[in-house]
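Structural features, examined
The primary structure of each chain is shown beneath.
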Amino acid sequence: MIIKPKIRGFICTNAHPVGCAENVHRQVEFVKQQGAVADGPKNVLVVGCSTGYGLASRITAAFGSGAHTVGVCFEKEPSEKRTGTAGWYNTAAFHQEAEKAGLNYHSINGDAFSDEIKQETIDYIKQHMGKIDLVVYSLASPKRKDPESGEVYSSTLKPVGQAYTTKTYHTDKDEVHDISLEPANDDEIANTVKVMGGEDWERWIKQLHDAGVLAEGCQTTAYTYIGKKLTWPIYGHATIGRAKEDLDRAAAALRDQYSDIDLSAYVSSLKALVTQASSAIPVMPLYISLIYRVMKEEGTHEGCIEQIYRLFTEGLYQDNPTLDEAGRLYMNGYETNEKTQAKVEALWDQVTQENFHELADYAGYHQDFLRLFGFGFDNVDYEADVNPKVNW
Ligand code: NAD
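Everything numeric here is computed off the predicted structure, so don't read it as measured data.

With that out of the way, let us pick up the overall build of the chain. Check the secondary structure of the chain and you find 14 helices and 13 strands. Taken against the 2.2 N^0.38 rule, which gives 21 Å for 392 residues, the C-alpha radius of gyration of the chain at 20 Å falls within 12% of a compact globule. Here the C-alpha coordinates of the chain stretch approximately 60 × 50 × 40 Å along the principal axes. With 392 residues in all, the chain has 57% of them scored as buried. The contacts of the chain with a sequence gap of at least 6 include a subset with a gap of at least 24, amounting to 79%. Across the chain, the 38 positively charged side chains and the 56 negatively charged ones have centroids separated by 3 Å.

Encoded structure:
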């Protein structure tokens with residue numbers, strides 16, 4: 001099959017197996033070049049391990065610290081006629097890289113919100129890992145089935161309190177235009193917290209703890225985006241921000257509840273980057289393409305793997321990490337400092353459909369977007385006939 005990108009709205013509906021393997025390979029090489037994470041983790045669970053920040057976390061744990069990793073993801077398997085999802089191919093490529101390096105690994109494809117998948121994970125840990133010393137919670141999902149009630153909750157990306165009109169960038173149409181978003185009602189806010197808040201993270205830790213598979217001094221982290229003025233109306237102070245506030249509550253509750261094993265639970269505040277999840281959030285693609293330009297000019301731009309490697313070396317495995325005012329591991333200072341934000345705000349005021357390619361890092365944004373799905377790599381032959389049916 002010759003595989004070319006099929007972009008629909010903010011997503012690409014297919015993926016390229018060879019390109020996805022290249023994406024994983026580059027991240028592995030980056031980590032190997034950086035060197036070992038001092039006193040890094042040895043047995044790691046990554047929930048949401050197949051793309052974006054979770055994939056980078058798995059690669060850093062494995063190749064930066066030699067860790068045995070068990071990953072959970074929710075990806076579509078390929079058939080002879082249809083490609084799998086990028087996360088499917090990324091996971092297959094991760095397995096190959098880990099195999100070559102002599103590392104232990106296992107992946108579970110299924111709904112991480114369910115108790116069945118939690119149990120399957122625990123069974124694997126008991127049989128093959130003993131106890132784990134790091135749990136990374138990196139899920140991004142539009143819905144969640146409550147394992148107790150069976151009810152399915154959907155998240156909403158809306159402002160809270162008042163309607164908001166702003167600019168956004170349409171990835172598919174390559175168009176900058178205004179959007180107006182009505183404020184969320186109370187149910188929409190509560191449902192978003194139910195999907196993206198801390199409840200499922202707590203459920204994972206409780207079940208792992210009850211099963212006796214968390215090591216003494218185990219660490220756990222969930223990821224958040226805090227941002228600044230430009231993104232607050234649609235992120236920080238919006239429905240998704242409410243869910244992220246709930247992660248802060250959960251982190252404190254986890255530390256309190258599992259002091260018997262001296263559990264260290266942190267929310268990690270990461271930078272805005274092109275991922276499948278962020279591409280779906282109105283405003284973020286435009287903001288990201290502008291901040292890319294500013295941060296590349298300042299020499300501070302990082303991708304997922306650079307951020308996560310730093311999170312491990314300067315945050316999780318550092319005695320005195322930098323915390324923000326809410327006690328989160330603070331990794332997005334290069335983005336959210338006042339000087340950098342003033343530059344992006346100035347660009348934001350000027351940007352229009354006509355000058356978008358000139359003011360924003362359109363090329364960088366677009367390349368990163370394509371690469372999420374295994375497209376846009378110079379050293380991959382996209383005219384070649386490839387077998388989409390990759391197994392793991
Ligand atoms: P992503 O879309 O790249 O990754 C999501 C992961 O979750 C994938 O591995 C997917 O398979 C998995 N997943 C989704 N639903 C699942 C389910 N039901 N069961 C099992 N696995 C499931 O997203 P991302 O951008 O890497 O986001 C990860 C975390 O990082 C999120 O909490 C997000 O809010 C946070 N974050 C993202 C950014 C950003 O700019 N992208 C910035 C800061 C924080």
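Residues K6, R8, K76 and R82 make up a contiguous surface patch of positive charge. Along the chain, R8 falls in strand β1 (residues 7-8). Look at R8 and you get partly exposed, because its relative accessible area is 48%.

Across its 19 residues, helix α7 (residues 239-257) extends 27 Å between first and last C-alpha, which sits within 8% of the 27 Å expected from 1.5 Å per residue. Within α7, the full set of buried residues consists of T239, I240, G241, A243, K244, D246, L247, A250, A251 and L254.

This part covers the UniProt feature "domain: Trans-2-enoyl-CoA reductase catalytic" (unreviewed entry) in the chain. In the numbering adopted here, UniProt assigns the feature "domain: Trans-2-enoyl-CoA reductase catalytic" (unreviewed entry) to residues 82-317. When the span residues 82-317 is considered, its composition is 44% helix and 20% strand, and the gap between its end C-alpha atoms is 41 Å.

A few words now on the nonpolar core. Among the nonpolar cores identified, the biggest contains 87 residues, and I59, F63 and Y287 are the most heavily contacted of them. By residue number, the principal contributor to this core is helix α9 (residues 284-298), which donates 9 residues. Setting aside residues no more than four positions away along its own chain, F63 makes contact with V28, V31, K32, F94, E97, A98, A101 and L103.

Judged by pairing direction, the sheet is parallel, and its 7 strands sit side by side in the order β5-β4-β3-β6-β11-β12-β13 without closing on themselves. With partners counted over all chains shown, the strands left at the sheet margins are β5 (105-109) and β13 (329-330), one partner each. The pairing of strand β3 (residues 43-47) with strand β6 (residues 132-137) spans 4 bridges and is parallel. The residue bridging V47 from the neighbouring strand is Y137, located in β6. Against the sheet, helix α2 (residues 52-65) makes contact with β3, β4 (68-73), β5, β6 and β11 (214-224), and its axis sits at roughly 170 degrees relative to β4, the strand it touches most. Contacts from helix α6 (residues 199-210) reach β3, β4, β6, β11 and β12 (264-269) within the one sheet, and its direction differs from that of β11 by about 170 degrees.

Basis of the calculations
Residues numbered from 1 in each chain as written. Predicted model: local features only at pLDDT ≥ 70, side-chain atom pairs only at ≥ 80, totals over all residues. Heavy atoms only, no water. Helix = DSSP H or I, 4+ residues; strand = E, 2+ residues; numbered from the N terminus. Rg over C-alpha atoms; globule rule 2.2 N^0.38 Å. Buried < 20%, exposed > 50% of the residue type's maximum accessible area, 1.4 Å probe, protein only. Contact = heavy atoms within 4.5 Å. Lys, Arg positive; Asp, Glu negative; His and termini not counted. Charge placed at Lys NZ, Arg CZ, Asp CG, Glu CD. Patch = residues over 30% accessible without salt bridge, like charges linked within 9 Å, V, L, I, M, F, W, Y side chains within 5 Å. Areas by Shrake-Rupley, 256 points an atom, 1.4 Å probe, with all protein chains shown as cover. Salt bridge = Lys/Arg side-chain N within 4 Å of Asp/Glu carboxyl O. Expected span 1.5 Å × (residues − 1). UniProt positions renumbered as here; feature names shortened; annotations may be inferred. Core = buried A, V, L, I, M, F, W, Y, C linked by side-chain atoms within 4.5 Å. Pairing = 2+ DSSP bridges. Axes fitted to C-alpha atoms, helices over the stretch in contact; angles between N-to-C directions.

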